[in-house]
Amino acid sequence: MIGQPDLRNQKSALQESGQNQIVGRFMTHEIPFRGLLSVHDVATCLAGYDESCFPSSSDWTYTRFFLPHAYKAGFRLVSEATALWEAFQEAHDAARFTFELELPMQYFTLAVELLLMQNAQHDRSDYRVSAAIWRDAVLESNYVSALESLWSRLPDGLD
């Protein structure tokens, strides 16, 4: 069983209702699916945008597609790992969350997608991502709003 903590609740409900065959078949082992926990994790994922091609038989990476002039001049998203992590950490701290930053992939990928799509028009050989651009992407990803909603629904002691 790999996934969200909510699946544990489903497992418990199945066990309580006597549906042990389902639990025994599909839910015997619990493996937590963690978000990004460090700058290193962010860098690993950003490197995927710089190295993965689509279509796979082409040499067009995602970074190259959206920022071809910057890419040709050496720009790579992987070099933005610290700046992106810091933007999420800043939002996390400003929201006064009491738990450590664990960045869900949904908000990470949305922030990167927003950056690429909204800044493709600014592509040039000297293109750089400012801290303000990353802050805006993190804000637009709705990371803080989503976590505020999630954590407000959890019983005390589960953070």
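Computed from a prediction, not measured in an experiment: that's the story for all the values here.

Reading the values: rules and limits
- Residues numbered from 1 in each chain as written.
- Predicted model: local features only at pLDDT ≥ 70, side-chain atom pairs only at ≥ 80, totals over all residues.
- Heavy atoms only, no water.
- Helix = DSSP H or I, 4+ residues; strand = E, 2+ residues; numbered from the N terminus.
- Expected span 1.5 Å × (residues − 1).
- Contact = heavy atoms within 4.5 Å.
- Core = buried A, V, L, I, M, F, W, Y, C linked by side-chain atoms within 4.5 Å.
- Buried < 20%, exposed > 50% of the residue type's maximum accessible area, 1.4 Å probe, protein only.
- Salt bridge = Lys/Arg side-chain N within 4 Å of Asp/Glu carboxyl O.
- Arc of directions from axis to C-beta.
- Axes fitted to C-alpha atoms, helices over the stretch in contact; angles between N-to-C directions.
- Parallel < 35°, antiparallel > 145°, perpendicular 65-115°, else oblique.
- Left-handed = near helix turned anticlockwise from the far one by under 90°.
- Nonpolar A, V, L, I, M, F, W, Y, C, P; charged D, E, K, R; others polar.

Enquirer: What exactly am I supposed to notice about helix α3 (residues 39-51) here?
Expert: Note: α-helices contain 3.6 residues per turn, so residues at a spacing of three or four share the same orientation. For α3, with 13 residues, the first-to-last C-alpha span of 18 Å sits near the 18 Å given by 1.5 Å per residue. Buried residues along α3 sit in contact with α4 (62-66), α5 (68-72), α6 (81-94) and α7 (105-119).

Enquirer: Explanation requested: the nonpolar core in the structure shown.
Expert: Soluble globular proteins tend to pack their nonpolar side chains together in the buried interior. With 33 residues, the main nonpolar core has V42, L46, L77, L84, F88, L103 and F108 as its most contacted residues. Looking at which element gives the most residues to this core, the answer is α7, with seven residues.

Enquirer: Please explain the pattern of salt bridges as it appears in this structure.
Expert: Side-chain pairing between opposite charges can occur once the charged atoms of the two side chains come close. This structure, assessed with the given rule, holds four salt bridges. Here R64 and D59 are joined by a salt bridge, their closest N and O atoms 2.9 Å apart. Its relative accessible area of 21% is what places R64 among the partly exposed residues. Using a relative accessible area of 51% as the deciding quantity, one classes D59 as exposed. Close ionic contact of E90 with R135 constitutes a salt bridge, the shortest N to O distance being 3.8 Å. Here E90 is found in helix α6, whereas its partner R135 is found in helix α8 (residues 131-140), with 45 residues between them in sequence.

Enquirer: Would you mind showing me how to read α8 here?
Expert: Every buried residue belonging to α8 is among W134, A137 and V138, and all of these are buried. Looking straight down α8, one finds that the buried residues subtend no more than 100° of arc, so they occupy a single side. A positive backbone phi angle near 65° is found at N142, which sits one or two residues after α8.

Enquirer: It is not clear to me how the packing of α6 against α8 should be interpreted in this structure. Could you clarify?
Expert: Each packed pair of helices is defined by two parameters, the angle between the axes and the distance between the axes. Running from N to C, α6 and α8 cross one another at 55°; their axes reach a closest spacing of 9 Å. Judged by the inter-axis angle, α6 sits oblique to α8. α6 and α8 meet at a crossing whose hand is right-handed. Judged by residue contacts, A83, L84, A87, F88, E90 and A91 of α6 engage W134, R135 and V138 from α8. Partitioning the contact of α6 with α8 into residue classes produces seven nonpolar, no polar and two charged.

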